[in-house]
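One-letter residues, chain by chain:
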Amino acid sequence: MLFDKPATTNPIDQLKVVGQPTDRIDGKYKTTGTAPYAYERHDAVPDPAYGYILGAAIAKGRIKSIDLKDAQHAPGVIAIVTAENAGKLGKGAHNTAKLLGGPEVDHYHQAIAVVVAESFEEARDAAHLIRVDYAREKGAFDLAAGMEKAVKPEATPVSGPPDTSIGDFQGAFDAAPVKLDQKYTTPDQGHAMMEPHASLAKWDGDKVTIWTSSQMVAWGHADIAATLGIPKENVRLMSPYIGGGFGGKLFLRADAVMAALGAKAANRPVKVALPRPLVFNNTTHRPATIQRIRIGAGRDGKITAIGHESWSGNLPGGEPETAVGQTRLLYAGANRMTAMRVAMLDLPEGNAMRAPGEAPGLMALEIAMDEMAAKLGMDPIEFRIVNDTQVDPEKPDRPFSQRRLTECLRLGATHFGWDKRNATPGQVRDGRWLLGMGMAAAFRNNLLVKSGARVRLDGQGIITVETDMTDIGTGSYTIIAQTAAEMMGVPLDRVRVRLGDSAFPVSAGSGGQFGANNSTSGVYAACVKLREAVAQKLGFNSGDAAFADGAVHAGNRSAPLAQAAADGELQGEDSIQYGDLAKKFQQSTFGAHFIEVAVDSATAEIRVRRMLAVCAAGRVLNPKSARSQVIGAMTMGVGGALMEDLAIDRRLGFFVNHDLASYEVPVHADIPHLEVIFLDEIDPISSPMKAKGIGELGLCGVAAAVANAVYNATGVRVRDYPVTLDKLLAQMPQEA
Amino acid sequence: MKAFTYERARTPAEAASAAARIPGAKFIAGGTNLLDLMKLQIETPTHLIDVNGLALDKVEPTAEGGLRIGALVRNTDLAANRRVRRDYGLLTRALVAGASPQLRNKATTAGNLLQRTRCPYFYDTAQPCNKRMPGSGCAALGGLSRQHAVVGASEACIAVHPSDMAVAMRALDAMVETVNLDGKKRHIPIADFHRLPGDTPHIETNLAKGELITGVTLPKPVGGMHIYHKVRDRASYAFALVSVAAIIQKDGTGRVALGGVAPKPWRVEAAEEQMSKGAKAVTVELLAGAHPTQANAFKLPLVERTLGAVMAEARA
């Protein structure tokens, strides 16, 4: 189905099932421990061998020699695979560094061997017996030091052009009566999902089946075939349940490759999970940024010049963190520029983490906006509203499909009690605590990705949906079931959803908050096909047929839906594809975050007291799962604001705090009160579902809102994330 | 994890004797720290002596009016004990500030005293660490050191002791009760129990080979206001950047011990004579000779400010 004209009324608009706060249909399996994750497929493979990955102990250099003798003779060991005996390996289109290193080592904890043994403990023990002699080389591990030599990256469809320039930025900035020129930094961050990367591989001749934890089945499928050098047809990859991803499982990783290589060498199914201390340096992370923001405005608060530059690092061939993207679209202003540069670093591969680009970009931009508002003596909400725009500021003939930022800001302000905020910092106390309020705009683009599905009807009237779409804890199973139920006119319990299998039609997958809108639109398209097949079979004109209550109706005729499949299953398969509506209209999601913090006047400890997000993101397909997405994202935003920091040892070149004891993310006690409001919005330009993404919007802007609240509480402006007490102490007011 | 043998000890003396006799033997009780370290091959015992059956799980009054805490009393039970809550509130407050409920349900009193540092280089077997591998060097010196010691450390090691409980016990003048392989008892003042790293950071306590902790004795209660103030980046389940354990009397005199700043619970009795002069005067003596890194120099003002808040709370 080609979607190239705004959606008109369609069966989804009935909202009998879609739009209802249905419980997650996979929830009962997850809460009872019966959802089988990749490492627990005892049903499929009862007696696998265990693989344990050895990670490189240096950040850059070469393996001079690798001595496997003791490991090979250790109890239980079946096989050991290294680059020396793995045979020729390719590299996946989505990988920057090789997933099996050696003799060159590209980053710390890059996999250099997998030991396969009868038990996990034996494999782990033997891995410790491998002796590796390294030739260490000097590496580049410091982004600030690498800024000068940073290069202009290639433009890609995802990252956009490295440089943009509209009007005369420099002239307008120089002439502006009120201006800001500041530097902000964001640290490297880890996805820190609950389930580590894990895979189980089983060969059958030259064909391999891989159960894994992947957000993007089609990418993983193609990339494992390319890595192993076998045809895609010889690989089946399944990922029906995923214990969190946040972008860390978008790509094929070492667990899957090493499981496949280990299984081949051992001639037996092998499963491999990354031990937690390996996850942080072996896989990808959100790269650190150094950002410079310049804003010039008239005394009326109207922005006349806005410039945003960002530097990030990556391995050779890696892409930049696209932290300037939102600045091209969020605020008005005739003169504008953005620039991205990437420095070559020898740290692990930088790549997407929830809201790549916007999350770190808004961490900087929305502090800058708060600072500008203060310079102008304006309320930060009013400053944003004055600079709102209904058109793409770079291309004024290109309107936003929907943009209700101002409504989000105003509604949030009222609901949160913004009028009680004292604009002068450091004035409000509750005992020993200094209180402050902060806010930020939320912005994340709505991405359109082709997505397919197959929908089947059987003789019992059961609808089965099959698509390689994944559910990373987001609720995909549920909203896909809701979509199919709405389209086919059946209750939810008549729908079965099967996800995450490379044997199914290729979907959008889960990433970039594009999963929900695109995958349900693909299911919509497939259901349209199935409706046609049903109508034809029952002798209805498909245009007139209404599907409701398990039956098909047209005029005064009715027939049970199941009747259409009485003498054989019917199916519809299609995908949603997009025309040029995204060129004519800018499609983005908007919101506003409000935060109240308390800062201990003695210790400068920061504790969030309450949070509110107001979101305008098209039709909300399921308010319950959408709310869960947003509150999870808000929680992640608090982590980004106050604690998350992959700390680099700049001599040794690795993230030192590589476990969950030392890489801190919020615990329950950090998040006492969360509230989410969705504006009642539909966006017919986005898709037939009239929905947009929401899972990342909830993160975008949160950290800046926290930082702005800390400023309001204490008068201390921190531009270097995370905002920790040591950065406040020196400027905190002296206590009596 | 290396293969190991395992036995259940029947008496403390038998446990001590086995530990002294068998090379590479270790006691195991709650295992909340030891098992993690074994999985990472930071600890590689060849033999585990399970002491959980030794009936050292009682909290009893002593003839001197104090309290004897069995080595196996779980952190949760100790924190909830009525006598502890009434007379040694500092201890309850320190205990509940540590770890998580699940860990406190397993962790024992003796195990808490013996827990190893959380220095991230100690935890990464690919990195040098004098505590883990004597003579290999200290990667934290010149590396990541925000959490590390500012006082009492050495050129060989700047790791901190992670316990909250032990800091309270230091302020309470606890005595560690042990038994050796001959069944002989010994009482070690908590001040002398942990060692400073010097050139031998891998030797963390003054326990002799095989010597088993059987309990901790608290002297008669001293009254006063008991405050444990733990400072950390997140609200729970994090190790202290700095913690202050204080017992402050109505006249302003009192005791102060610090966590998060040193390789052992840190107390300088002479500093307590400055209590009437305020937090700054006390801190100057407490942290005399401090040698912070650039990344943890903030702990010095943080101690002073936290102590100031504690003293203000006691006055209020």
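Residues numbered from 1 in each chain as written. Chains lettered and ligands numbered in written order. Predicted model: local features only at pLDDT ≥ 70, side-chain atom pairs only at ≥ 80, totals over all residues. Heavy atoms only, no water.

Caption draft 1: Highlighting the state of the cysteines. Residues and elements named next belong to chain A. Tallied over the entire structure, the rule returns zero disulfides over all chains. Unpaired in this structure, Cys-615 has its nearest cysteine sulfur neighbour in Cys-408, at a distance of 7.0 Å. Looking at Cys-615, the relative accessible area reads 2%, which means it is buried. Distance from the sulfur of Cys-700, which forms no disulfide, to the nearest cysteine sulfur (Cys-615) is 10 Å. (Disulfide = S-S within 2.5 Å. Buried < 20%, exposed > 50% of the residue type's maximum accessible area, 1.4 Å probe, protein only.)

Caption draft 2: Quick peek at the sheet that holds strand S4 (residues 59–61) of chain B. Residues and elements named next belong to chain B. With respect to topology, five strands assemble into an open sheet ordered S4-S5-S8-S6-S7, the strand pairing being antiparallel. Here the strands that pair on one side only, and so sit at the sheet edges, are S4 and strand S7 (185–189). Taking each pair of neighbouring strands and ignoring which way they run, the sheet shows an average axis angle of 25°. In this sheet, strand S8 (residues 212–218) lies alongside strand S5 (residues 67–70) in antiparallel orientation, the contact comprising four bridges. Within the sheet, the bridge partner assigned to Ile-69 lies in S8 and is Val-216. (Pairing = 2+ DSSP bridges. Helix = DSSP H or I, 4+ residues; strand = E, 2+ residues; numbered from the N terminus. Axes fitted to C-alpha atoms, helices over the stretch in contact; angles between N-to-C directions.)

Caption draft 3: Main features of the interface of chain B and chain A. Across the boundary between the two partners, chain B contributes 34 residues, which contact 39 residues of chain A. With both chains or domains summed, chain B and chain A bury close to 3,000 Å², and 53% of this area falls on carbon and sulfur atoms. When the area that chain B buries against chain A is broken down by residue, the three leading residues are Asp-233, Arg-234 and Arg-305 of chain B, summing to 25%. Run the count over chain B and chain A and you get three salt bridges. (Contact = heavy atoms within 4.5 Å. Buried area = accessible area lost by both parts, 1.4 Å probe. Salt bridge = Lys/Arg side-chain N within 4 Å of Asp/Glu carboxyl O.)

Caption draft 4: Molecular detail of the sheet that holds strand S21 (residues 495–498) of chain A. All names here are of chain A. If you walk across this open sheet you meet the five strands as S1-S25-S19-S20-S21, and the pairing is mixed. At either margin of the open sheet sits one strand with a lone partner, and together these are strand S1 (2–3) and S21. Bridging between strand S19 (residues 451–457) and strand S25 (residues 570–578) involves seven bridges; their strand directions are antiparallel. Opposite Arg-456, over in S25, you have Gln-571 as the bridge partner. Running over the sheet, helix H12 (residues 476–488) touches strand S20 (463–466) and S21 and is turned about 135° from S21. Running over the sheet, helix H13 (residues 515–538) touches S19, S20 and S25 and is turned about 140° from S25.

Caption draft 5: Structural context of the confidence of the model for chain B. On average, residues of chain B score 97 in pLDDT, and 100% of them reach the 70 mark or higher. The complex prediction reports pTM at 0.98, with the ipTM value standing at 0.97. (pLDDT = per-residue confidence, 0-100.)

Caption draft 6: Main features of unusual backbone geometry. Going from Gly-102 of chain A to Pro-103 of chain A, the amide bond is cis rather than trans, its omega being -5°. In this fold, Pro-103 of chain A is placed in the loop between strand S4 (77–82) and strand S5 (104–105). Look at the link from Tyr-721 of chain A to Pro-722 of chain A: it is a cis peptide, with omega at -5°. Relative to the elements of secondary structure, Pro-722 of chain A occurs in the loop between helix H16 (702–714) and helix H17 (725–728). Despite not being glycine, Phe-246 of chain A has its phi angle at roughly 55°, a positive value. Topologically, Phe-246 of chain A is positioned in the loop between strand S12 (235–238) and helix H7 (254–266). By relative accessible area, which is 29% here, Phe-246 of chain A ends up partly exposed. Residues other than glycine seldom take positive phi values, yet Ala-55 of chain B does so here, at roughly 55°. Turning to its location among the elements, Ala-55 of chain B is positioned in the loop between strand S3 (47–50) and S4.

Caption draft 7: Layout of the environment of Thr-478 of chain A. Residue and element names in this part refer to chain A. On the secondary structure map, Thr-478 appears in helix H12. In this structure Thr-478 comes out as buried when scored by relative accessible area, which is 0%. As a C-alpha pair, Thr-478 and Val-18 span 460 residues in sequence and 9.7 Å in three-dimensional space.

Caption draft 8: A look at H12 of chain A. All names here are of chain A. The end-to-end C-alpha distance of H12 is 18 Å, a good match for the 18 Å that 13 residues give at a rise of 1.5 Å each. The buried count for H12 comes to 13 of 13 residues, which makes it a mostly enclosed element. Gly-489, located one to two residues past H12, shows a positive phi value of around 70°. (Expected span 1.5 Å × (residues − 1).)

Caption draft 9: Summary view of the pairing of S5 of chain B. Residue and element names in this part refer to chain B. The two faces of S5 match: Leu-67 and Ile-69 on one face and Arg-68 and Gly-70 on the other face are all buried. As paired strands, S4 and S5 are joined by three bridges and run antiparallel to one another. Looking across to S5, one finds that Val-59 is bridged to Ile-69. Taking the residues that link successive antiparallel strands as the turn, the S4-S5 hairpin has five residues, and the phi of Gly-65 there is positive, at about 90°.

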